[in-house]
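Geometric and topological summary
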Amino acid sequence: MSSYTFAAPSSVDEALSVLANSSRRGERAQILAGGTDVIVQMRSFDNEPRLLVDIKQLAETNEVSIGEDEIFIGSAIASGVLNENDELKRLFPGLLESADLIGSTQIQGRASIGGNLCNSSPAGDTIPALIVNSAVCVIANSDGNREVPVEDFVTGVGQNCMSSEEFLIGMKMPRPPARTGDAYLRFIPRTEMDIAVAGAGVSVSFDDGGTCTRARVSIGAVAPTALLVPEAADALIGTQVDDSDLRAAEAACSAAASPITDKRGTVEYRRKVVGVLCRRAGTIARDRALG
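Anyway, here's the lowdown on the structure attached to this text.

Definitions and limits used
Residues numbered from 1 in each chain as written. Predicted model: local features only at pLDDT ≥ 70, side-chain atom pairs only at ≥ 80, totals over all residues. Heavy atoms only, no water. Helix = DSSP H or I, 4+ residues; strand = E, 2+ residues; numbered from the N terminus. Buried < 20%, exposed > 50% of the residue type's maximum accessible area, 1.4 Å probe, protein only. Polar contact = N/O pair within 3.5 Å; in protein donor to acceptor, adjacent residues only side chain to side chain. Contact = heavy atoms within 4.5 Å. Axes fitted to C-alpha atoms, helices over the stretch in contact; angles between N-to-C directions. Parallel < 35°, antiparallel > 145°, perpendicular 65-115°, else oblique. Left-handed = near helix turned anticlockwise from the far one by under 90°. Nonpolar A, V, L, I, M, F, W, Y, C, P; charged D, E, K, R; others polar.

A few words now on the side chain of Asn141. One can find Asn141 in strand 6 (residues 136-141). Residue class for Asn141 comes out buried when judged on its relative accessible area of 14%. At 3.0 Å, the side chain of Asn141 and the backbone nitrogen of Asp143 are in polar contact. Among residues more than four places away in sequence, those in contact with Asn141 are Leu16, Arg146, Glu165 and Glu166.

Below, the structure written as structure tokens:
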């Protein structure tokens, strides 16, 4: 039977000290934010001994701040809590919808956007939605905090840029300007509670004349990490984001994808589907922006 130990620090400094001491002893430490991925992994393919460090007691990881210029979401806040925040749903409907896709209502009482990001699955639903909203990770370490754009945070399947002595405090995003909309869509084999075969997020902003002035497009589950697709954004910027523009973005997403073939879909199928999802998400984002 594997041996597990547990720590529940009450401050960021204490959490960093626990991680540093564990690293010096050559012991494995794993952060517990929501725990919905960690517990499943421990019960299946990854049951090696470890120290579980619960960060749900920290004020910083439980903070939601909605400022005039910037929004901050703590890494340990459950998706169910975020989905009750009407202002967040108005500002980032696509991001909140991506969080609402993860598991059942019961799971969302524990699962967090920060945990989904740190799990670093290629199919993580919130990751493309964070990327299109220009989210930046705030990472605690012994030298203070460092910041990394979400598109650079995940480095491989189940891997990210943090060292064993760091942890994610939360994500910050610029407040969307007027006439901005976002959307995230995924395709799954079942009607609910499944892992994405492909996913796409889009955020667009328009000027007073209805011309797109800013766009970000990200795709998931079709490469080792979620991808920012500048070519798809370029197909939308300076346009009215009509059907032909969206089809150009669709083609760019299909071209950027580098999926695998497995029992859930072939390479060709995933490339096609992720482009279609981009086009449909772009339509939703456009309609939300123009209201």
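For the rest of this paragraph, the subject is the environment of Leu16. Position of Leu16 among the secondary structure elements: in helix 1 (residues 12-24). When the C-alpha positions of Leu16 and Thr36 are compared, they lie 22 Å apart, and in sequence the two are 20 residues distant. When residues no more than four places from it in sequence are discounted, the contact partners of Leu16 are Ala140, Asn141, Ser142, Glu165 and Phe167.

At a minimum axis separation of 8 Å, helix 11 (residues 243-256) and helix 12 (residues 267-290) run at an interaxial angle of 140°. In terms of axis orientation, helix 11 runs oblique to helix 12. Of the two elements, helix 11 crosses helix 12, and the hand of that crossing is right-handed. Contact with helix 11, carried on its side by Asp243, Leu246, Arg247, Ala249, Glu250, Cys253 and Ser254, involves Arg271, Lys272, Val274, Gly275, Val276, Cys278, Arg279, Gly282, Thr283 and Arg286 of helix 12 and no other residues of that element. Residues of the contact of helix 11 with helix 12, tallied by class, amount to 6 nonpolar, 4 polar and 7 charged.

It is worth spelling out unusual backbone geometry at this point. The phi dihedral of Ser120 falls on the positive side, at around 60°, and the residue is not glycine. By secondary structure assignment, the location of Ser120 is in the loop between helix 7 (113-119) and helix 8 (126-132). The phi torsion at Arg179 lies on the positive side, around 60°, for a residue other than glycine. Along the polypeptide, Arg179 turns up in the loop between strand 10 (167-174) and strand 11 (180-187).

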